[in-house]
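Read off the chains here:
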Amino acid sequence: MEKRLYGIRGATGAENTAASVTENVCRMLNEIYGRNNIADNDTVSIQFTVTKDLNLMNPAAALRKGRTDFDFSKCALFCSQEPEITGSPEKMIRVLVTAYLPEGAEVSHVYINGGEKLRPDFAAK
């Protein structure tokens with residue numbers, strides 16, 4: 001089976017607590033990996049952006065500390081602050097997972113817990 005590199009997007013809202021960030025990041029990644037049948041060893045990297053009002057927990061650290069159905073211990077994680085754009089939703093965590101999937105795979109992006117407003121076209125799937 002031939003594989004190729006894909007980018008899978010997602011977003012979730014969270015409250016500005018370590019527990020909320022951890023819970024919502026882990027839920028979002030569990031859904032992304034589950035819906036797309038991503039094997040742990042097929043991940044290249046996971047990049048997060050976070051709005052400036054979520055400043056009590058780094059989403060990458062939250063993923064490492066939280067409980068998930070997948071092993072992210074050897075995965076390259078990166079986090080940066082989302083650009084401040086007037087009118088953008090607050091308390092939002094976005095993610096880009098770069099992973100190998102079978103050639104021709106239909107990617108399922110995950111927008112949950114308020115993230116649906118960013119991409120209603122993907123959230124409806």
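Everything below is about the structure printed above this text.
Each chain carries its own residue numbering, running from 1 in the written order of its sequence. Only residues with pLDDT of at least 70 are given local features in this predicted model, and only at 80 or more are side-chain atom pairs given and counted; all residues enter the totals for whole chains, interfaces and linings. Excluding hydrogens and water, the side-chain values take into account all heavy atoms of the structure.

Trainee: Run through the packing of aromatic side chains, naming residues and quoting values.
Mentor: Pairs were defined over the aromatic rings of Phe, Tyr and Trp, the Trp ring being its six-membered one, requiring ring centres within 6.5 Å. Orientation was assigned from the angle between planes: stacked under 30 degrees, edge-to-face over 60, tilted for the rest. Scanning the entire structure with this criterion turns up 2 aromatic pairs. Consider the rings of Y33 and F72, whose centres lie 5.0 Å apart with planes at 85°: the pair is edge-to-face. Linking Y33 in helix 1 (residues 18-36) with F72 in the loop between helix 2 (59-65) and strand 3 (76-81), this pair joins segments that are 39 residues apart in sequence. Here the term buried applies to any residue with accessible area under 20% of the maximum for its type, exposed to any over 50%, and partly exposed to those in between, with areas from a 1.4 Å probe on protein chains only. Overall, Y33 belongs to the buried group, its relative accessible area being 0%. By relative accessible area, which is 5% here, F72 ends up buried. Through a chain of ring-to-ring contacts, three or more aromatic side chains come together here, namely Y33, F70 and F72. Counted as over-ring charges are cases with an Arg CZ or a Lys NZ within 6 Å of the ring centre that also lie within 35 degrees of the ring normal. Positioned over the ring face of Y6 is R4, at 3.9 Å from the centre of the ring. Runs of E in the DSSP output that reach at least two residues are strands. Runs of H or I that reach at least four are helices, and both are numbered from the N terminus.

Trainee: Explain helix 1 to me, and be specific about the residues and the numbers.
Mentor: Helix length check: helix 1, at 19 residues, gives a terminal C-alpha distance of 27 Å against a target of 27 Å (1.5 Å per residue), a fit within 8%. Taken together, the buried positions of helix 1 are occupied by S20, V21, T22, N24, V25, C26, M28, L29, N30, I32, Y33 and N36. Of the surrounding secondary structure, the elements contacted by the buried residues of helix 1 are strand 1 (3-13), strand 2 (43-50), helix 2, strand 4 (92-102) and strand 5 (110-112). What a helix is expected to span follows from its residue count: subtract one and scale by 1.5 Å. In this analysis, two residues are considered to be in contact whenever any of their non-hydrogen atoms come within 4.5 Å of each other.

Trainee: Break down the sheet that holds strand 3 for me, with residues and values.
Mentor: What makes two strands pair is DSSP finding at least two bridges between them. A sheet is described by the order of its strands in space; here 5 strands give the open sequence 3-2-4-1-5, paired in mixed fashion. Where the open sheet ends on each side, the last strands, each with one partner, are strand 3 and strand 5. On average, each strand axis in the sheet is tilted by 15° relative to the strand beside it, whichever way the strands run. Where strand 1 and strand 5 come together, 3 bridges link them in parallel fashion. Among the inter-strand pairings, T12 is bridged to a residue of strand 5, identified as I112. In this analysis, axes come from line fits to C-alpha atoms, helices being fitted only over the stretch in contact, and the angle between any two N-to-C directions falls in the range 0 to 180 degrees.

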